[in-house]
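Structure assessment
Residue strings, one per chain:
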Amino acid sequence: MQTKELICSESLPNKISLPNKGRLIVLSGPSGVGKGTLVGSILKRVPNLFYSTSATTRLARPGERDKVDYFFKTKEEFKKDVSAGAFLEWAKVYDDYYGTPLRPIVAALKGGAIVILEIDVQGAMQVKEQLADEAVYIFIAPPSVDELRRRLGERNTEEAAQIDQRLDTAIRELQYKEEYDKVIVNDDLDKAADQLAEALVAARR
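The structure presented is a predicted model; accordingly, all values stated were derived computationally and were not measured.

Re helix 1 (residues 35-42)
Since the α-helix advances by 3.6 residues per turn, residues separated by three or four positions end up pointing in the same direction. Lys-35, Leu-38, Val-39 and Ile-42 are the residues of helix 1 that are buried. Buried positions in helix 1, seen along its axis, are confined to an arc of 95 degrees and lie on one side of it. Those residues of helix 1 that are buried are in contact with strand 2 (23-28), strand 3 (49-51), strand 8 (114-118), strand 9 (135-141) and helix 7 (189-203).

As structure tokens, then:
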């Protein structure tokens, strides 16, 4: 499991103020818990929903599209954006950088959209430091660690050692769930999707 090197909050814009329209939803949860599946299931159910696309300096994988899956940037471009205050949050993962572009979020909020920002716990805590109650924080949890292990194994994308590392990270991330406004246990996909859709509608200003 890749470990993020967190940056100091001083290098982020100080106490960003978002438009008083729409709503920013910060969505987190362990790898393999089904965040992407849940979001995909509600994109057509909740009106005026905007999914935030992250920026990265890693190379695009087969099938990935620029400005759709990620904003792919060189390290020089990314660092210039950091200096310009273009990210809501960012971090370094080994030799590559990942960040959340601020401008598309502000534009979507001005249009009254519900903006979903799917990021890990570390990134969410950075956002919370900057925005406090200007966003709604939702944590997607597995029914159990054993069930999460089973789901990770079914993906057939990691070796056993990598799964163990992801589980160790998941256990640490679960300790932060009380920092979130709402916790949704993804035991049944349809039920969890209903709960997420209801939470998004209720969060609209």
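Still more to cover.
Details of the sheet that holds strand 9
Taken in spatial order, the 5 strands of this open sheet run 3-8-2-9-10, and their pairing is parallel. Among the strands making up the open sheet, the edge pair consists of strand 3 and strand 10 (182-185). Neighbour-to-neighbour, the strand axes of this sheet turn through a mean angle of 25 degrees, independent of strand direction. Lying on the sheet, helix 7 is in contact with strand 2, strand 3, strand 8, strand 9 and strand 10; it crosses strand 10 at an angle near 160 degrees.

A look at the nonpolar core
Leu-24, Val-26, Leu-88, Val-127 and Leu-131 are the most contacted members of the largest nonpolar core, which has 24 residues in total. Going through the elements one at a time, strand 2, helix 3 (102-110), strand 8, helix 4 (121-131) and strand 9 are the ones with two or more residues in this core. Broken down by element, this core gets its largest block of residues, 5 residues, from helix 4. The residues contacting Leu-24, other than those within four sequence positions of it, are Leu-18, Leu-88, Ile-105, Leu-109, Val-115, Leu-117, Leu-131, Glu-134, Ala-135 and Val-136.

Considering the layout of surface pockets
Rolled over the atoms, a probe as big as a water molecule pinpoints where empty space is left. Of the volumes computed, that of the second largest pocket is approximately 270 Å³. Taken together, 13 residues form the lining of the second largest pocket, with Lys-73, Asp-81, Ala-86, Pro-101 and Pro-104 sitting closest to its centre. Contributions of two or more residues to the lining of the second largest pocket are made by strand 5 (71-72) and helix 3. Per-element accounting of the lining of the second largest pocket gives the leading share, 3 residues, to helix 3.

About the criteria used
- Counting restarts for each chain: residues are numbered from 1 in the order of the written sequence.
- Where totals are concerned, whole chains, interfaces and linings use all residues; where local detail is concerned, this predicted model gives features only for residues with pLDDT of at least 70, and gives and counts side-chain atom pairs only at 80 or more.
- Hydrogens are left out, water is left out, and the side-chain values use all remaining heavy atoms of the structure.
- Only protein chains enter the accessibility calculation, which uses a 1.4 Å probe; a residue whose area is less than 20% of its type maximum is buried, one above 50% is exposed, and one in between is partly exposed.
- Think of it this way: any DSSP run of H or I at least four residues long counts as a helix, any run of E at least two long counts as a strand, and we number them from the N terminus.
- The arc in question is traced by the directions running from the helix axis to the C-beta atoms.
- For this analysis, residues touch if any pair of their heavy atoms sits within 4.5 Å.
- Pairing between strands is defined by DSSP: at least two bridges between the two strands are required.
- In this analysis, axes come from line fits to C-alpha atoms, helices being fitted only over the stretch in contact, and the angle between any two N-to-C directions falls in the range 0 to 180 degrees.
- Throughout this description, the term nonpolar core refers to a set of buried Ala, Val, Leu, Ile, Met, Phe, Trp, Tyr and Cys residues connected via side-chain atoms within 4.5 Å.
- Using a 1 Å grid laid over the protein atoms alone, points where a 1.4 Å probe fits but cannot get out form a cavity; open sets with protein on both sides within 12 Å along at least 5 of 7 lines form a pocket; any residue with an atom within 4 Å of a point counts as lining.
- Grid points are joined across faces, edges and corners, and a volume is the space filled by probe spheres set on the points.

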